[in-house]
Amino acid sequence: RASVPAVARVPHGMARGHAKEMAQQKNAAKSAANAKKGSQLGDAQKKLTFICPICKASMAGYKMMPQHYESKHPKETCPPETAF
């Protein structure tokens, strides 16, 4: 068994130093690009345009409103689409 030269021995915490720095820079650039895009939460809230007048639940379209009334408010009648 050949001995490893002293130059090749690297302490455990020091391995892959340059590769680690490159990975950190790459991840920082990637996260900065994602931060510029913004969140999708605001866009999703804009699409929820129909709000139930009884329970204030948000729906994406009027087609969901009659289904909502049937399941959540069976004794009430669903208002027409023009009411929203």
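In this text the structure is predicted, and so the values were computed from the model without any measurement.

A. How the structure looks around the environment of Thr49. Turning to its location among the elements, Thr49 is positioned in the loop between α2 (41–47) and β1 (50–51). For the pair Thr49 and Ala60, spaced 11 residues apart in sequence, the C-alpha to C-alpha distance is 5.9 Å.

B. Just the side chain of His73, in detail. You can see His73 is positioned in the segment after α3 (64–72). Using a relative accessible area of 11% as the deciding quantity, one classes His73 as buried. Excluding residues that lie within four positions of it along the chain, His73 makes contacts with Cys52, Ile54, Cys55 and His68.

C. Broad picture of α3. Of the residues making up α3, those classed as buried are Met65, His68 and Tyr69. Projection of α3 onto a plane perpendicular to its axis shows the buried side chains occupying an angular sector of 100°, all on one side. Residues of α3 that are exposed and angled more than 90 degrees away from the buried face: Glu70 and Ser71. Packing partners of the buried residues in α3 comprise β1 and β2 (58–59).

What counts and how
- Residues numbered from 1 in each chain as written.
- Predicted model: local features only at pLDDT ≥ 70, side-chain atom pairs only at ≥ 80, totals over all residues.
- Heavy atoms only, no water.
- Helix = DSSP H or I, 4+ residues; strand = E, 2+ residues; numbered from the N terminus.
- Buried < 20%, exposed > 50% of the residue type's maximum accessible area, 1.4 Å probe, protein only.
- Contact = heavy atoms within 4.5 Å.
- Arc of directions from axis to C-beta.

The quantities given are spatial measurements derived from coordinates; they are silent on function.
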